[in-house]
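Take a look at the letters that make up each chain.
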Amino acid sequence: MECLSPLSHAVSSDGLNHKLLFQCGDGKTVEAALMLFQKPGGRPRRTVCASCQVGCPIGCPFCATGRQPLERSLTAEEIVAQVLYFENSFRPPAAAAIPRDKRWLTNVVFMGMGEPLSNFENLQQAIGFLGSPKGLGMGRRQLMVSTAGLAPQIVRFGKENIQAELAVSLHAADDHLRNALVPVNTRYPLQSVIAACREFIRSTGRHIYFEYALFAGINDSIADADKLIQLIGGMDCPVNLIFGNQLGSGGYQPSTRAVAFDFQKRLIAGGIRTMLRASRGADIEAGCGQLRSRWLSGSGNPAHHL
Ligand SMILES: C[S@@+](CC[C@H](N)C(=O)[O-])C[C@H]1O[C@@H](n2cnc3c(N)ncnc32)[C@H](O)[C@@H]1O
Ligand code: SF4
């Protein structure tokens with residue numbers, strides 16, 4: 001028997017973003033997403049965003065999953081099953097020409113529900129499978145783990161030489177603000193997270209990606225950009241800026257484009273490499289956890305129930 005069965009499927013109006021809600025063998029539900037992109041002249045990218053836990057222990061106030069208490073961590077099999085579902089059952093007819101034994105997906109990001117590094121061993125096993133020739137044969141650069149900043153596990157990730165890129169969700173460059181946005185910061189304050197990142201860089205010779213979601217009036221001022229430059233300047237690690245996704249209610253609104261561009265320009269002037277990423281699939285509530293929240297509350301959603 002499959003360890004996950006699909007319950008509900010939502011597709012964005014442009015057809016490029018798909019969200020699936022799965023049911024585990026014990027009745028728990030978990031989300032995963034597929035994002036399709038192709039830059040003009042570039043190769044197509046087919047990225048799965050996978051979950052590692054049912055709910056999350058960290059409780060970031062801007063995140064839909066943060067409002068769902070941790071129920072349990074997923075097994076390695078359940079993590080892999082999300083990816084295999086898209087790989088095996090989701091290949092659209094247009095790609096039918098690709099032989100079945102060639103992988104269709106190009107990337108997997110562990111940016112779904114939960115904190116991947118608090119499910120370390122199962123994540124490690126799942127990455128081992130996805131990277132092995134007997135699994136999906138994905139290279140390190142095709143796999144990305146995102147963490148809220150569990151400092152000891154960042155060091156361990158480097159020491160154990162796990163074959164995936166590592167992203168650290170910063171969202172603020174001072175402890176006061178980050179304690180509110182990413183509450184695990186009270187346990188692992190910024191200096192300990194940055195020290196762990198430096199140790200990761202030293203032990204692996206690789207860089208880290210920093211994630212910074214821009215929320216209007218909260219963390220998007222020029223003073224915030226300057227604090228970020230102070231914090232990570234000289235580390236030669238890129239910053240992925242993203243427009244915050246708005247949840248159904250509450251005070252977290254995405255920054256305006258003008259403010260986001262000014263923030264980005266300031267970082268570039270401070271010597272920081274940045275990418276400003278567009279929010280995707282807003283009409284299916286792109287943030288992971290939102291489809292499950294609606295399912296749990298029984299309210300209407302744009303999804304098709306399977
Ligand atoms: C859902 S988390 C999962 C991985 C891990 N728990 C973490 O926080 O990095 C993946 C990324 O989505 C971001 N995120 C969550 N809710 C968001 C929102 N409303 N707007 C923008 N980014 C959001 C997180 O901060 C994190 O960078
Ligand atoms: S952003 Fe990440 S750590 Fe924070 S609540 Fe959401 S899933 Fe958990």
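Quick note: structure is the one above.
Keep in mind that what you see is a predicted model, and the values were worked out from it rather than measured. (Residues numbered from 1 in each chain as written. Chains lettered and ligands numbered in written order. Predicted model: local features only at pLDDT ≥ 70, side-chain atom pairs only at ≥ 80, totals over all residues. Heavy atoms only, no water.)

Thoughts on helix α6 (residues 222–232)
Every buried residue of α6 is listed here: D224, A225, L228, I229, L231 and I232. In a view along the axis of α6, the buried residues occupy a sector of 165°, so they form one face of it. Buried residues along α6 sit against α4 (175–181), α5 (190–204), β10 (209–214), β11 (239–243) and α7 (257–269). Once α6 ends, the next one or two residues include G234, with phi positive near 85°. (Buried < 20%, exposed > 50% of the residue type's maximum accessible area, 1.4 Å probe, protein only. Helix = DSSP H or I, 4+ residues; strand = E, 2+ residues; numbered from the N terminus. Arc of directions from axis to C-beta. Contact = heavy atoms within 4.5 Å.)

Some remarks on the packing of helix α3 (residues 151–159) against α5
For the pair α3 and α5, the least separation of the axes is 8 Å and the interaxial angle reads 5°. Between α3 and α5, the angle falls in the class roughly parallel. For the pair α3 and α5, the contacting residues are A151, I154, V155, F157, G158 and K159 in the first and S192, V193, A196, C197, E199, F200, S203 and T204 in the second. The class makeup of the residues in the contact of α3 with α5 is eight nonpolar, four polar and two charged. (Axes fitted to C-alpha atoms, helices over the stretch in contact; angles between N-to-C directions. Parallel < 35°, antiparallel > 145°, perpendicular 65-115°, else oblique. Nonpolar A, V, L, I, M, F, W, Y, C, P; charged D, E, K, R; others polar.)

Overview of the site of ligand 1
Lining the immediate surroundings of ligand 1 are 17 residues, of which F62, S146, S169, H171 and N245 lie closest. At 2.5 Å, a side-chain N or O of H171 approaches an oxygen atom of ligand 1. Isolated, ligand 1 exposes 540 Å² of accessible area, and the fraction of that covered by the protein chains is 89%. Of all the secondary structure elements, the ones that give two or more residues to the shell around ligand 1 are β8 (143–147) and β10. Tallied by class, residues from the shell around ligand 1 come to seven nonpolar, eight polar and two charged. (Near = heavy atom within 4 Å. Polar contact = N/O pair within 3.5 Å; in protein donor to acceptor, adjacent residues only side chain to side chain. Areas by Shrake-Rupley, 256 points an atom, 1.4 Å probe, with all protein chains shown as cover.)

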